[in-house]
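Architecture and fold: a report
Given next are the chains, with one letter for each unit.
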Amino acid sequence: MATDITHEELETTAELLALIEDPAGREVYDPATNELIGRTGETDAAGVDDAVVRARKAQQSWALMTHESRSDFLHKVADAIESVAEPLAELLSREQGKPLNGPNARFEVDACASWLRAHADFVIEPEVLVDDESGRAEMHYVPVGVVGAVGPWNWPMMISVWQMAPALRMGNAVILKPSEYTPLSVQALVAVMNSVLPVDIVQIVSGGGEIGQALVGHQGVDKVMFTGSVETGKKIMRSAADNLSRLTLELGGNDAGIVLEDAEPEKMAEDLFWGAFINTGQTCAAMKRLYVPASLYERVCDTLVEFAKNMPMGNGLDESNVLGPLQNRAQYDIVERLVEAAKNDGATVLLGGDPDNASVGNFYPTTLVADIDNNNPLVSEEQFGPVLPIIKYDDINQAIEWANGLEVGLGASVWGENSDELKRVASLLEAGSVWLNKHGAIDPRVPFGGVKQSGFGLEFGVDGLKQVALPKVISW
Ligand code: NAD
């Protein structure tokens with residue numbers, strides 16, 4: 001529904017909340033303090049049907065607009081988000097837990113605006129396939145129709161924009177189903193967007209997996225974009241099968257980083273740290289296991305401990321913190337179980353690993369684990385928290401084999417000085433993105449997506465626009 005307010009009127013988080021809250025809805029709590037933040041409305045199956053009917057109607061005139069007109073809208077939406085960036089960041093920090101500072105809440109809101117602007121400015125023209133004496137053939141890209149987008153709780157606003165920006169630019173209507181853990185952030189973002197967009201071009205249906213399922217299996221949804229776990233991705237593929245809906249699946253990962261023999265640990269410590277601990281480790285393409293040659297093992301461990309022990313963790317609204325709590329208790333329990341598995345196996349905890357279970361909030365301390373076997377569950381399972389296992393290797397071929405040994409392949413990184421060797425190792429890694437001397441860096445111009453069970457389809461760039469369009473060949 002379009003919002004009746006103008007975004008200029010919104011100055012505080014309380015005003016944002018007042019706009020979206022359902023006083024009779026489900027309570028949502030702050031993962032740092034356990035305090036009540038607000039109440040979210042929940043959609044039922046009939047509400048999903050209603051949203052689809054509205055979206056199909058609204059999409060028709062949106063699709064008829066020129067690319068230039070839709071790009072203008074996207075820039076105006078970015079302006080609106082920037083004008084209320086601080087209340088949006090504060091709500092995000094309270095609901096997700098991520099601090100305002102560091103690569104966290106303010107960074108995420110800023111990324112929403114820049115992703116919208118980048119997508120507004122991409123050029124997508126018909127491609128000439130043949131043009132000779134036999135005739136001419138052109139590839140055109142037309143809107144798919146209604147996009148159903150289901151999202152996770154780790155980067156709730158930014159990932160929603162990753163789904164919405166290309167879909168809107170290409171002339172589609174979008175129905176979002178945010179994670180049940182972070183509904184308010186996405187509802188607030190969409191309320192701000194809808195102060196600019198035509199009615200029903202972007203709608204939200206709220207609730208748990210069953211509402212997600214009702215959306216992705218709906219006959220009136222032409223394309224499904226999903227970001228979340230591998231397990232749910234498989235269910236979504238099944239739900240989309242009956243309608244043969246188009247699919248983009250951005251699923252989980254367990255990214256490896258490989259340090260090479262000639263690397264300089266002191267130079268890399270900060271980038272290694274943030275590659276693993278961005279968003280307190282709750283990032284799909286964060287480095288979740290680090291392979292280090294025996295010759296550098298102690299130096300890498302020592303420099304990482306030195307850097308990590310000084311990074312403050314606490315309530316996100318405190319300006320000094322750069323690490324926060326885990327967003328929910330279920331994720332905290334996964335992290336705790338995996339670190340215990342490592343300890344039971346005789347691994348050495350270099351830092352952290354000793355949560356205070358009696359304290360308020362889902363804080364799990366920054367944890368570095370050494371002398372760990374590659375088969376330990378802390379290495380082989382996606383832990384999605386502030387933990388990094390550091391695995392020693394003797395031979396680079398062994399490290400590559402271990403890095404490729406899992407069923408997922410989202411990102412990977414290689415660290416060292418010799419660019420030929422960095423590129424050689426990168427070429428052997430099974431991942432959708434491989435970074436050299438950095439990890440997890442994303443750019444709206446550069447396509448991003450997984451291989452193996454990390455999913456398929458690309459987001460970002462002109463390739464990302466094509467994923468929310470239908471190819472149509474016109475020839476004469
Ligand atoms: P999740 O799969 O548990 O839930 C994601 C969303 O799916 C939620 O909105 C949930 O309500 C919905 N859902 C659950 N069951 C459904 C069903 N049967 N049909 C339709 N929707 C359903 O994931 P999560 O715990 O919210 O997110 C963490 C996971 O997401 C991690 O594995 C992480 O690696 C992954 N992730 C991937 C990317 C990427 O770009 N590849 C980005 C962020 C997170």
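Residues numbered from 1 in each chain as written. Predicted model: local features only at pLDDT ≥ 70, side-chain atom pairs only at ≥ 80, totals over all residues. Heavy atoms only, no water.

1. A short note on helix α8 (residues 209-216)
Because an α-helix completes one turn every 3.6 residues, residues spaced three or four positions apart along the sequence face the same direction. Residues Ile211, Gly212, Leu215 and Val216 constitute the buried set of α8. With its buried residues spanning 130 degrees around the axis, α8 presents them on a single face. For α8, the secondary structure elements touched by its buried residues are α2 (45-64), β5 (146-150), β6 (173-177), β8 (223-227) and α9 (230-241). (Buried < 20%, exposed > 50% of the residue type's maximum accessible area, 1.4 Å probe, protein only. Helix = DSSP H or I, 4+ residues; strand = E, 2+ residues; numbered from the N terminus. Arc of directions from axis to C-beta. Contact = heavy atoms within 4.5 Å.)

2. Things to note about the packing of helix α3 (residues 67-83) against helix α5 (residues 105-121)
Relative to each other, α3 and α5 sit at 165 degrees, their axes nearing to 8 Å. Overall, the two elements α3 and α5 adopt an arrangement that is roughly antiparallel. Relative to α5, α3 is oriented so that their crossing is left-handed. Residue-level inspection shows Ser71, Leu74, His75, Val77, Ala78, Asp79, Ile81 and Glu82 of α3 in contact with α5, the latter providing Val109, Cys112, Ala113, Leu116, Arg117, His119, Ala120 and Asp121. Here the contact of α3 with α5 is built from residues that sort into nine nonpolar, three polar and four charged. (Axes fitted to C-alpha atoms, helices over the stretch in contact; angles between N-to-C directions. Parallel < 35°, antiparallel > 145°, perpendicular 65-115°, else oblique. Left-handed = near helix turned anticlockwise from the far one by under 90°. Nonpolar A, V, L, I, M, F, W, Y, C, P; charged D, E, K, R; others polar.)

3. Looking at the pattern of salt bridges
Applying the stated criterion across every chain, the model contains 23 salt bridges. For Glu82, the salt bridge is made with Arg117, and the minimal N-O distance between the two is 2.8 Å. Residue Glu82 is found in helix α3, and its partner Arg117 is found in helix α5; the two are separated by 35 residues along the sequence. On the basis of relative accessible area, Arg117 is assigned to the partly exposed category, the value being 22%. Residue Glu127 pairs with Lys466 through a salt bridge whose shortest N-O separation is 2.7 Å. Taken together, the residues span a long stretch of sequence, with Glu127 in strand β3 (residues 127-132) and Lys466 in helix α16 (residues 461-466) at a distance of 339 residues. For Glu127, a relative accessible area of 29% gives the class partly exposed. (Salt bridge = Lys/Arg side-chain N within 4 Å of Asp/Glu carboxyl O.)

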